[in-house]
Structures are given as structure tokens and as C-alpha cells.
Amino acid sequence: MGMAMPGTWIPDGSVTPAKLAEGTMRMVANEVLTGAATTVSFTGLSIDTSKHYILVYDLKTGAAGANIFIFVNADTTVTNYYSQLIDCDAAVLGGNRYNSPMVAWVNANGRESGFAHIFLGVDDYFRCIAQNQRYTGASVRVTQYATCKTGTTADITQIDITSSAANHLVAGSRFTLYEVDY
Amino acid sequence: MVKGTKVTVNVKTGQRIEEEVDITPMPMEPEAPKVDIKDLVKLVAYAKAQGWI
């Protein structure tokens, strides 16, 4: 069974560095919290090299709900970011814009799964698009956040996921970061 | 400032650091204002029946 890649086939199933030069997606971190935390920070990154990151997460919160924010390059000033929300709950639609870098909103004792694509645009603006599934069963609901920074950034070397209050991400929350090189 | 746990994972070295740090409380943003599409459909039907649209 071969593997299709842009412009090249690998019909022999043999993967070589030359073939991988066409593009790869590689897991670079997989963090499962063993205790409550406020922030999970990924450092040692370079989006100039990796081109694009995908963060997959399963969020669990404690006794209170929390906003979940994304920050880059240790800039944790929320007003340096904007985000736009689309929220769909059965036939009820919602939307809002926030002067903060939202990627998710998790209710008390909540469980939410999602993924965020993280880019540095050709105009050097950090951009993130996150899609989440909130609740389960008959309450299933979808939210999507587009997030950007108010100023340009030379590179993205650090990505922080932070809850709006201390230690609202509880044990079992999982964050898996992939780099997409092409 | 309140204390909170920060987990740092360096993807180059694989080093993982868990530490207590000062956390600046962040805003709890409000949920989105919402509208029920079914109500909108009724509203449009009513407006059409009245000849408004």
C-alpha cells in the first residue's frame, strides 16, 4: 500500500528523508496533566521552520468553568489579542468578539475536545483557528474561535494554553502538539 | 496575583518543568449572545405575511 504525497507517490511504502522532504506532520509533544494546572507551555518551537502547528486537546475543568486562552511568545497581555466566536447549540446560534485570545470555554466539571491550527501569516500576524466539541449526548454542541494578535511577530517560539483562573485545568487534560513541515 | 501551576514542555530537549508561579487573574469572558433559528424563521414568516418583506 503506497502513500500519496503532493507530487510524489511512495508506492513501495519505503519512507526516506528525500521523500519526507515533500512534507511531514510530526508529534512534538504530548502532555497529559497529572495534577491541576493553570498553564501548559510549549517552548523550543519555531514556526518559521515548522510552518504550522496543530494542537489537539482534551480539556477537563474543576469545580468552576473557565475560559481557555492561547498566548504566543510569552505575551500574556490578553488585550494584545482578539478572538471571534461562533457557537451552535441545536437551533440556537451565537457569536461574539473578545479582546482576548480565546480557544475554548469549558463549563464547571466540563469536558471539551478540540483542535487548533496555529499559523504565522505571510503578513507576520499570529493566527489561530480552533474548533471544539462541547458536551456529549443530546447536549452536543460546537464552538469555533478565530484568534489573532494585534501586532506582528517575527516567529512563534512558544505557545501557552492558559485557563482564566488558577489551576482550572485538572488531571487528565491532554495536549498533543504536532508540527507540520512542508 | 494568585499562585498557580505552570507546566513547561521544551519540544527540542523534551525537558518538562512543573512549577508554582504567580498568575495574573484573567478575564472570564461572557458567553455569546444567541438567537434561536426557529424563532427567526417564525419572524420572517410573520414579516412576509404582513407584507413587510
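Let me begin by describing the structure that accompanies this report.

**Focus: the sheet that holds strand 14 (residues 174–181) of chain A**
Strand pairing in a sheet relies on backbone hydrogen bonds, with the paired strands running either antiparallel or parallel. One open sheet accounts for nine strands, arranged 3(A)-14(A)-5(A)-10(A)-11(A)-12(A)-7(A)-8(A)-3(B); its pairing is antiparallel. The strands lining the two open edges of the sheet, one partner per strand, are strand 3 (24–32) of chain A together with strand 3 (34–36) of chain B. Neighbour-to-neighbour, the strand axes of the sheet open up by a mean angle of 15°, direction not taken into account. In this sheet, strand 3 of chain B lies alongside strand 8 (residues 92–98) of chain A in antiparallel orientation, the contact comprising three bridges. Each bridged residue has a counterpart across the sheet, and for Val92 of chain A the counterpart in strand 3 of chain B is Asp36 of chain B.

**A closer look at the interface of chain B and chain A**
Taken together, the 28 residues of chain B in the interface contact 44 residues of chain A. With both chains or domains summed, chain B and chain A bury close to 2700 Å², and 57% of this area falls on carbon and sulfur atoms. The largest share of the area that chain B buries against chain A comes from Val11, Met26 and Glu29 of chain B, three residues that together contribute 23% of it. For Lys34 of chain B, the salt bridge is made with Asp87 of chain A, and the minimal N-O distance between the two is 3.9 Å. Elements that contribute at least two residues to the side of chain B that touches chain A include exactly strand 1 (2–10), strand 2 (16–23), strand 3 and helix 1 (37–49) of chain B.

**Considerations on the state of the cysteines**
By definition, a disulfide is the covalent link that joins the sulfur atoms of two cysteine residues. All names here are of chain A. The full count for this structure, using the stated rule, is zero disulfides over all chains. Here Cys148 is not disulfide-linked; the sulfur of Cys128 is the nearest cysteine sulfur, at 10 Å. Cys148 gets classed as partly exposed once you look at its relative accessible area, which sits at 32%.

Reading the values: rules and limits
- Within any chain, residue numbers begin from 1 and follow the written order of that chain's sequence.
- All chains are assigned letters beginning with A, and all ligands numbers beginning with 1, in the order in which they are written.
- Local features in this predicted model are restricted to residues whose pLDDT is 70 or higher, and side-chain atom pairs enter the listing and the counts only when it is 80 or higher, whereas totals over whole chains, interfaces and linings include all residues.
- By convention in this description, side-chain values take in all heavy atoms of the structure and omit both hydrogens and water.
- Whether two strands pair depends on DSSP finding at least two bridges between them.
- Strands are runs of DSSP state E lasting at least 2 residues, helices are runs of H or I lasting at least 4, and numbering of each runs from the N terminus.
- For helices, the fitted axis covers only the stretch in contact; all axes are lines through C-alpha atoms, and the angles between them, taken along N-to-C directions, range from 0 to 180 degrees.
- Two residues form a contact once any of their heavy atoms are found within 4.5 Å.
- Buried area is understood as the total, over both parts, of accessible area removed when two parts are fitted together, assessed with a 1.4 Å probe.
- Salt bridges, as used here, are contacts in which a Lys or Arg side-chain nitrogen is within 4 Å of a carboxyl oxygen on Asp or Glu.
- Counting rule for disulfides: a pair of cysteine sulfur atoms within 2.5 Å.
- Think of it in three bands: with a 1.4 Å probe and only protein chains considered, a residue is buried below 20% of the maximum accessible area for its type, exposed above 50%, and partly exposed in between.

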